[in-house]
Amino acid sequence: MTAERGSDGRAIVRAQVFNTGGRVLDLSGTLRLSSVSGTLSAGPYQVQLGTSLAPRQSEPVRIPVTDQLADGPWKATLELKSGLLVKKFHAEIKFPHTQGISPAVAMDAEASGGVALKTLVQGILLLGTTPLIAGVRIHRRHGSSTADV
């Protein structure tokens, strides 16, 4: 995750999102900021995404911050959703005082209900293919010589 300040002084947060699962993701999301040392908070800000994210693909995410913010540091919480899947990423960021980009910082991830996004997507894939596999096995047990699959 990086924090930057544009030529107009506006803050922007960027992150790189990777789809580690086996299904296409149609992502939406929000960014929330809270001050590290106080009670200030800002957001939610809508995440700007491109199109659907295919398996094993990556896409940059851009979040324009519409409020005038101090440089920070800020606790950033990026929440991304695809259908029922929800994943939150946390990082501590600081915006540059003038136009520019701060160094990238690592994000910690958590998944809703304690289930990792990748694991949940893999579980859905397994459930989706189980009837097909069972159908093939049943068909073969009856000794039919035709392939209807």
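What you see is a predicted model; the values in this text were computed from it and never measured. All residue numbers refer to position in the chain's written sequence, counted from 1. Per-residue local features are limited, in this predicted model, to residues with pLDDT of at least 70; the limit for side-chain atom pairs, both in listing and counting, is 80 or more; totals at the level of whole chains, interfaces and linings are taken over all residues. Think of the side-chain values as coming from all heavy atoms in the structure, minus any hydrogens and water.

A. Focus on the overall build of the chain. Elements are defined by DSSP. Helices are runs of H or I of four residues or more, strands are runs of E of two residues or more, and each kind is numbered from the N terminus. For the chain, the count of helices and strands is 1 helix and 9 strands. Here the chain holds 149 residues, and the buried ones make up 32% of them. In the chain, of all internal contacts separated by at least 6 residues, the share reaching a separation of at least 24 is 58%. Carbon and sulfur atoms make up 55% of the accessible area of the chain, which amounts to about 9,300 Å² in all. Only protein chains enter the accessibility calculation, which uses a 1.4 Å probe; a residue whose area is less than 20% of its type maximum is buried, one above 50% is exposed, and one in between is partly exposed. Whether two residues are in contact is decided by their heavy atoms: any pair within 4.5 Å suffices. The Shrake-Rupley method, run with a 1.4 Å probe sphere, supplies the accessible areas, and residue values consider only the shown protein chains as cover.

B. Inspection of the pairing of strand β7 (residues 85-93) at higher detail. Side chains Leu85, Lys87, Phe89, Ala91 and Ile93 project from β7 onto a buried face, and the interleaved Val86, Lys88, His90 and Glu92 project onto a face without burial. Here, any two strands with at least 2 DSSP bridges between them count as paired. What sits between the antiparallel neighbours strand β6 (residues 74-82) and β7 is a turn of 2 residues, in which Gly83 has the positive phi angle 60 degrees.

C. Molecular detail of the sheet that holds strand β2 (residues 11-18). Read from one edge of the open sheet, 4 strands run β5-β2-β1-β8, paired in antiparallel fashion. Where the open sheet ends on each side, the last strands, each with one partner, are β5 (58-64) and β8 (100-101). When strand β1 (residues 2-5) meets β8, the two strands line up antiparallel, connected through 2 bridges. Bridge pairing links Glu4 to Ile101 in β8.

D. Representation of the nonpolar core. Membership of the largest hydrophobic core comes to 27 residues, with the highest contact counts inside it found for Leu33, Leu78, Ile93 and Phe95. Elements supplying a minimum of two residues to this core: β2, β3 (28-35), β4 (41-46), β5, β6 and β7. The term nonpolar core refers to a set of buried residues drawn from Ala, Val, Leu, Ile, Met, Phe, Trp, Tyr and Cys, joined through side-chain atoms within 4.5 Å.

E. Fine view of the environment of Gly9. Along the chain, Gly9 turns up in the loop between β1 and β2. With a relative accessible area of 23%, Gly9 lands in the partly exposed category. Spatially, the C-alpha atom of Gly9 lies 9.4 Å from that of Leu69, the residues being 60 residues apart in sequence.

F. Seen up close, the pattern of salt bridges. A pairing counts as a salt bridge when a side-chain nitrogen of Lys or Arg comes within 4 Å of a carboxyl oxygen of Asp or Glu. Going through the model one piece at a time under the given rule, you end up with 4 salt bridges. Among the ionic pairs, Asp71 bridges to Arg5, the shortest N-O distance being 3.1 Å. Residue Asp71 is found in the loop between β5 and β6, and its partner Arg5 is found in strand β1; the two are separated by 66 residues along the sequence. When the shortest N-O distance is used, the salt bridge between Glu79 and Lys81 registers 3.5 Å.

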